[in-house]
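The lines below spell out each chain.
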Amino acid sequence: MRNLKLLKSLQCHSLQGFGSPQCFTIRSDSGTVLVGSDRGITELDPRGEQVVNEVSLTSDNYLPEDGSGVVIGIQDLPDQESVCVATATGDVILCNLNTSQLECVGSVDSGLTGMSWSPDQELVILTTGQETIIMMTKDFEPITEVKIHQEDFGEGKFVTVGWGKKETQFHGSEGKQAAQRKLTEVQPAVPWDDQRPRVTWRGDGQLFALSAVCPETGARKVRVWNRECVLQSTSENVNGLEQSLCWKPSGSLIASTQRKPNKHDVVFFERNGLLHGEFTLPFGKDQVKVKELLWNSDSTVLAIWLEDIPSDGHSKPNTYVQLWTVGNYHWYLKQSLHFGNAPESAVVSVSWDPETPYRLHVLSSGWQYLCYDWYWSTECSTGEDSEDAANVAVIDGDKVLVTTFRQCVVPPPMCTYQLQLPCAVNQVTFHPEPGSTNQLAVLTADSRLSIYRHGNDTSKDSTVKIGAVGGNGFKVTTATPVLDKTYSVVLGKNAEGGNPLQLRLLTWLKKDTFLAVSPGERTSQSCILQLAPTGADHMEVRSAIPVDGHVISVCYNQKTRTVAVQLEDGQIMRYLWESSGSPVEVWRNSSGCVTQFPQPCVQTALGTIAGEEQVLGLTDRSRFFINDTEIASNITSFRLYDEFLLLTTHSHTCRCIRLQEVSIKGLLSALSTDANQNDETIRRVERGSRIVTVVPQDTKLILQMPRGNLETIHHRALVLAQVRKWLDRLMFKDAFDCMRKLRIDLNLIYDHNPKVFLENVELFLKQINSVNHVNLFLTELKEEDVTKTMYPCPSSSTIQTAPGFDGKKVDIVCDALRVAMEKMDPNKHCLSILTSYVRKSTPELEIALQKVHELRVNPPVFPGAVSAEEALKYLLFLVNVNELYEHSLGTYDFDLVVMVAEKSQKDPKEYLPFLNTLKKMETNYQRYTIDKHLKRYKKALHHLSKCGQEHFAEFLNLVRDQKLYNEALKIYPVESQEYKEVSCAYGEYLSEQQHQEQAGLLFSRCGETQRALDAFVSSTSWQHALCMAAKLGFPEDKLANLARSLAEKLLEQRRHSEAALLLEQYAKDCEEAITALIEGATWDEALRLVYLYNRQDILETNLKPALLEAHNNQTSFVESQKTIFLRHKNRLAVVRELKEKARQELLDDEMPDCPDSDLFSEASSVMTASNMSSKYSHSNSKISARSSKNRRKAERKKHSLKEGSPLEDVALLQALGEIVRSVNKLTGEVHSLLKALVLFGYDSQALKLQQTLEETLQLMDKSIPEIWQVGLQQNTGTPVLGPNSTANSIMASYQQPKPPALPQQDTELFIPPKMSKNVKWKLNLLE
């Protein structure tokens, strides 16, 4: 679907060498042209328009003075800085290009008829007048000489496998007469054959082919030789085989021409000499002769140099050069260059550039040199509305093949319709204005511009022929254009004689205004022409603007009416075609800087990115630029459509990026990173796919494969964008059909804008108008919001949630649709209504079954109404039959149960006895039995409670079995006996679950005081226990024993104050009470009791020794904690210093070469903390299910204080935090102890304890900021890499210190502990 587009035309007509030119070769290193003439060698510089060097071959008698000499070959030899020339007289001459010295390196007495160098220039083949081949090295040392004509077939001779004679073999459609047909003699070569041998090399230089006239038959034969000049194969006899010969560089085929009785073909030979394919030239019999065939270096274009055969023998022949390409096994004539019949314009030599594949060099007899640069281009309509048919035009000789992809995807070489032109077509362009984008203009080789328009005229145009979409019985839905006008393009003084392609880069601007580029007055100039009709059939130049440099691309943005022009050095110019002032200015970006592509681009376009108009370009080396920024280097094609940029890449993906959402930096980042799983912008495509076009206002993207076949894909980004547009316009039908066909989750219909959907539910149902489609929508509903998971919403979209609607999404949609359906037509939407009940988060199957039962009781009489049987069958499709049977049973409607059971696969012997048994039961017990069968125990409990006292034992067993105590308590009144029994049962259950206090409360409430007492004693709830003892009337001694028992349990739980209270008030034992208070360090209360009961003896025996012991213990503990704190703090500083040093060394080693070295710089050790954290977390995944002891062991191992452990710094932080918190908690205890010590005169001990604790607290308070640094708390910072980062920010992030990475599960360790500074624990009298 691509055409050859002329990018640049270089013509040089002011140079004149000596003699008549005969052949030429290209000097790739200098760009000059070496021309061999009948006088000598001339070196031309086309760009400088000068003759660089001239070397005469007549002075040394290599060529005669009279001009009759012939140069049969010329070849540039860069390695030797020389040019090799061969003459027809037999001399092989080497000319030094620097000194112009000539050296005859060999001479053949019989003369030479051809010279051909191998592609690697290691060998040269000379054909002599004696019909021999001489093979020489690059130093002109002979290797061998063999005869051209040999009787042997060659080393590749076919082997007969003994399958009989030709007469006995099957001959297919030719019939039996083919067996008796005698071979006719081959016809001799045509009279205008020059009789010279032709030599052509395969691209790898391992084989060469030679075409020569056989002396016996007078016909040409093709022979294939290897690099050692050993014959490999000989072609079969081919009538009418002509002189031209060229081996395809890729090595598959050898091209030649054959004149047949009724046509003129280009034929292809395999290396074994057999014919393999052909195509016909668009000329009549004996109309032209083929001078040469030439493949370009990448084997994609075949150039054919032709010349008319004069019918009268005296007229001047026309000369042509045609460019042919192949796609999908069809040969297309892409360009036809008509050089006319002027003698000075006659082509003498044609050659492809050896390094640039699409550069063609042409030399005429008048010393006019032409150089054409071509490249591939897809000509497609640029409309973005639904009226645009997505036209793509393909040039094929004098026809334009147009395919309208909106109506049909027709594989080439077929098409929707074709336009027949009177002459070969060179260029095609489409109208850019909306509503007219299906119109096209065609420029032919005779400089005539044909305009095809679509109108209301129903008449058919004879030049427009329906293609693959026509035929008998088919209705053609595609509108075809008609030829509106044909203009003759008059260039006037801008025309240069001898150049058949005066116009290139034809662009349609508006109505009948066109833009084109032609060669300027100088070789280094181009001229931008604005063409407009001046009469009925003429189109002339309205304005001509010269530009210094060669214009290689023109792109037009119809929205902004901007024209961007690119020069061959990548410079971008803005052409102000509607301005009356200076029409050309340099392209500047928004900051005023001049914009230029780093490399010239073969495809350009204008688009708006981040609100600014940008120039996009793609080079022939797959480098993609936006302005002067390289975005990617693996792009094979691109296309701008609406707000999207579509790209295909060498990694066989198609990217579709929304330009409104990204900047150039964001686009660069998007193309350089891998997409995530739900990224809608990327899609895998077939290898080598290229974009052809996008169907506007549709979801189709047309790709072409390397072979030429087409593939239509629906890119997810295009699909979702179009679906969102339809939903915004409330076009639910179009959106639903597209989503259903392309397997888009239907939840998007609601999730895109819940509020709008719920407001337009009835419109949705009217547009869908299909019960099946509504059911499909309902069955695909799920709670997931697909705009946040599968199809993330673009940032520019204004998506709203549904305010005021509480509940689950599925329930909301089902209820809304059901209300609307019941309001519109409940009979029509009966099945959908049933679906809305079933699809709720908690399926309302009972209601759905009741609806079915109503249909059975009152069958509808409307035509097309759903019967109860159909509804039930549909329900069985949605719900498992066993589940539906159980739900029907839960309705207690046995008719409905039987109806469901009949539709199931159940055996009547299974369910009928069960149903009959149920029918015999009392109603409440029946329902209890059903609910218990369905495991609906709460309902069963309620029904069973209504069955009377005789079933209470069964009721109590059900409560115990299903633990329905709370439900059972709600059923009976509090004063009832049943309530008391249920409460007792509940208390027993709580006792078993070790909830003794709650059990005691229940026992107490239902009057079981003794059991309540036992429960309260077990739970050490001494207040409630004493209350129960009082209710039971315990005597003092028994009460004292109970108090002592409770006090012992409280002391075990270190509840000394409560134990002392019991011992003092209930056991009447003050000494034990004081001892308990002293043991609990409750000094003030102990003193109160000592003096209350006048037991001062206890002061000396118990209290004072306990005070001194407590002082010693507290002092020792504080000092030990201080020592450990200092040791850990110093060690932490050392560890951090070592790790910072290791980080810097690692950063210095990795930063120049590793772009991800920042990942290592955040390490808290040589191994990163995050890695170690993950290591331990992985290992602990197995430990998590084990005992708590093992888990604690794993934690201790993880946070090891052993020197050199990976997480030593984390372990030190943990230990330091625990020390700070433990010491800080001592302030309350120490305050009470200090008061007691001072009271008894132990001032020195109290002062020492106060000073020790104060110093320790001050040390910790000052150390906290040093230990818990600010950076540790700010674990997450600005991301180093990402779409919003710049080169400067990334480098700055490398240089600035990074906080260590924090393990997620240890985050709390990095939060500094808080000191309770407000607590006044010190005694001022000690200061």
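1. Notes on a negative patch on the surface
Stage number 1. Side chains of Glu151, Asp152, Glu155 and Glu216 sit close together on the surface and give a patch of like negative charge.
Stage number 2. Here aspartate 152 is to be found in the loop between strand E13 (142-147) and helix H1 (177-180).

2. Thoughts on the pattern of salt bridges
Stage number 1. Under the definition given, this model contains 56 salt bridges.
Stage number 2. Look at the salt bridges and you will find they share partners, linking Lys8, Arg47, Arg359, Asp373 and Glu568 into a network.

3. Describing unusual backbone geometry
The bulk of non-glycine residues show a negative phi, and the bulk of peptide bonds are trans.
Stage number 1. Going from proline 412 to proline 413, the amide bond is cis rather than trans, its omega being 10 degrees.
Stage number 2. Even without being a glycine, lysine 963 presents a positive backbone phi close to 55 degrees.
Stage number 3. For lysine 963, the position within the fold is in the loop between helix H18 (952-962) and helix H19 (965-971).
Stage number 4. Note on lysine 963: relative accessible area 48%, which makes it partly exposed.
Stage number 5. Phi at alanine 1081 is positive, roughly 60 degrees, even though this residue is not glycine.
Stage number 6. Mapped onto the secondary structure, alanine 1081 falls in the loop between helix H26 (1070-1079) and helix H27 (1083-1092).

4. Quick notes on the side chain of arginine 574
Stage number 1. Among the secondary structure elements, arginine 574 is positioned in strand E44 (residues 572-575).
Stage number 2. The buried category is assigned to arginine 574, whose relative accessible area is 19%.
Stage number 3. Residue contacts for arginine 574: discarding those within four places in its chain leaves Thr562, Val563, Pro583, Val584, Glu585, Val586, Trp587, Arg588 and Glu613.

5. Re the side chain of threonine 463
Stage number 1. Along the polypeptide, threonine 463 turns up in the loop between strand E35 (448-453) and strand E36 (464-466).
Stage number 2. Engagement of the side chain of threonine 463 in a polar contact is seen with the side chain of tyrosine 452, the distance being 3.5 Å.
Stage number 3. When near neighbours in sequence (up to four residues on either side) are disregarded, threonine 463 contacts Gln418, Leu419, Gln420, Tyr452 and Leu483.

6. A few points about the packing of helix H3 (residues 716-728) against helix H4 (residues 732-741)
Stage number 1. For the pair H3 and H4, interaxial distance at closest approach is 8 Å and the crossing angle is 155 degrees. Regarding the angle of H3 to H4, the classification is roughly antiparallel. Relative to H4, the crossing made by H3 is left-handed. Note on element contacts: H4 touches H3 through Phe732, Asp734, Ala735, Cys738 and Met739, opposite Val719, Val723, Trp726 and Leu727.
Stage number 2. For the contact of H3 with H4, the class distribution of residues is eight nonpolar, no polar and one charged.

7. Here we look at the pairing of strand E1 (residues 3-12)
Stage number 1. Burial of E1 is extensive: nine of the ten residues sit out of reach of the surface.
Stage number 2. Pairing of E1 with strand E28 (residues 369-377), which is carried by nine bridges, proceeds in the antiparallel orientation. Bridge assignment links asparagine 3 to a residue of E28, and that residue is serine 377.

8. Section: helix H9 (residues 809-824)
Stage number 1. The terminal C-alpha atoms of H9, which comprises 16 residues, lie 23 Å apart, in line with the 22 Å expected from a rise of 1.5 Å per residue.
Stage number 2. Every buried residue belonging to H9 is among Lys809, Val810, Asp811, Ile812, Val813, Cys814, Leu817, Arg818, Ala820 and Met821, and all of these are buried.
Stage number 3. Lining the buried residues of H9 we find helix H5 (748-751), helix H6 (754-759), helix H7 (761-768), helix H8 (771-779) and helix H10 (830-838).

9. Structural notes on the packing of helix H16 (residues 923-933) against helix H17 (residues 937-945)
Stage number 1. It is the contact of H16 with H17, at a shortest axis distance of 8 Å, that shows an interaxial angle of 165 degrees. Considered as vectors, H16 and H17 are oriented roughly antiparallel to each other. Crossing hand, H16 versus H17: left-handed. Facing Asn924, Tyr925, Arg927, Tyr928, Asp931 and Lys932 of H16, the residues of H17 in contact are Tyr937, Lys939, Ala940, His943 and Leu944.
Stage number 2. The residue inventory of the contact of H16 with H17, partitioned by class, reads five nonpolar, two polar and four charged.

10. Remarks on the sheet that holds strand E30 (residues 391-396)
In any sheet, the strands associate via hydrogen bonds between backbone groups, in a parallel or an antiparallel arrangement.
Stage number 1. Within the open sheet, the five strands sit side by side as E29-E30-E31-E32-E36. Their pairing is antiparallel. Of all strands in the sheet, those with a lone pairing partner are strand E29 (379-380) and E36, marking the two edges.

11. Re the sheet that holds strand E18 (residues 241-247)
Stage number 1. Spatial strand order, E18-E19-E20-E21: four strands in an open sheet with antiparallel pairing. Two strands bound the open sheet, and with one partner strand each, they are E18 and strand E21 (275-280). The sheet shows a mean angle of 25 degrees between the axes of neighbouring strands, direction not considered.
Stage number 2. Relative to E21, strand E20 (residues 264-269) runs antiparallel, the two being bridged by four bridges.

12. Focus: the nonpolar core
Stage number 1. In terms of nonpolar packing, the biggest core is built from 94 residues, with Phe955 and Trp1083 touching the most fellow members.
Stage number 2. Broken down by element, the residue count for this core peaks at ten residues, all from helix H28 (residues 1097-1150).
Stage number 3. Residues contacting tryptophan 1083, with those up to four places away along its chain left out, are Ile1078, Leu1103, Ala1106, Leu1107, Ala1110, Ser1232, Leu1233 and Ala1236.
Stage number 4. One finds Phe736, Met821, Ala848 and Leu934 within the second-largest nonpolar core, a separate group that totals 70 residues.

13. Topic: the packing of aromatic side chains
Stage number 1. Under the defined criterion, the tally for this structure stands at 30 aromatic pairs.
Stage number 2. Taken together, the ring pairs in this structure connect Phe268, Phe279, Trp295, Trp324 and Trp331 into an aromatic cluster.
Stage number 3. Lysine 291 extends its terminal NZ or CZ atom over the ring of tryptophan 305, reaching a point 5.5 Å from the ring centre.
Stage number 4. Sitting over the ring of tryptophan 587, arginine 574 keeps its end group 3.9 Å from the ring centre.

The rules we used
- Residues numbered from 1 in each chain as written.
- Predicted model: local features only at pLDDT ≥ 70, side-chain atom pairs only at ≥ 80, totals over all residues.
- Heavy atoms only, no water.
- Patch = residues over 30% accessible without salt bridge, like charges linked within 9 Å, V, L, I, M, F, W, Y side chains within 5 Å.
- Areas by Shrake-Rupley, 256 points an atom, 1.4 Å probe, with all protein chains shown as cover.
- Salt bridge = Lys/Arg side-chain N within 4 Å of Asp/Glu carboxyl O.
- Lys, Arg positive; Asp, Glu negative; His and termini not counted.
- Charge placed at Lys NZ, Arg CZ, Asp CG, Glu CD.
- Helix = DSSP H or I, 4+ residues; strand = E, 2+ residues; numbered from the N terminus.
- Buried < 20%, exposed > 50% of the residue type's maximum accessible area, 1.4 Å probe, protein only.
- Contact = heavy atoms within 4.5 Å.
- Polar contact = N/O pair within 3.5 Å; in protein donor to acceptor, adjacent residues only side chain to side chain.
- Axes fitted to C-alpha atoms, helices over the stretch in contact; angles between N-to-C directions.
- Parallel < 35°, antiparallel > 145°, perpendicular 65-115°, else oblique.
- Left-handed = near helix turned anticlockwise from the far one by under 90°.
- Nonpolar A, V, L, I, M, F, W, Y, C, P; charged D, E, K, R; others polar.
- Pairing = 2+ DSSP bridges.
- Expected span 1.5 Å × (residues − 1).
- Core = buried A, V, L, I, M, F, W, Y, C linked by side-chain atoms within 4.5 Å.
- Phe/Tyr/Trp six-rings, centres within 6.5 Å; stacked < 30°, edge-to-face > 60°.
- Lys NZ or Arg CZ within 6 Å of the ring centre and 35° of its normal.

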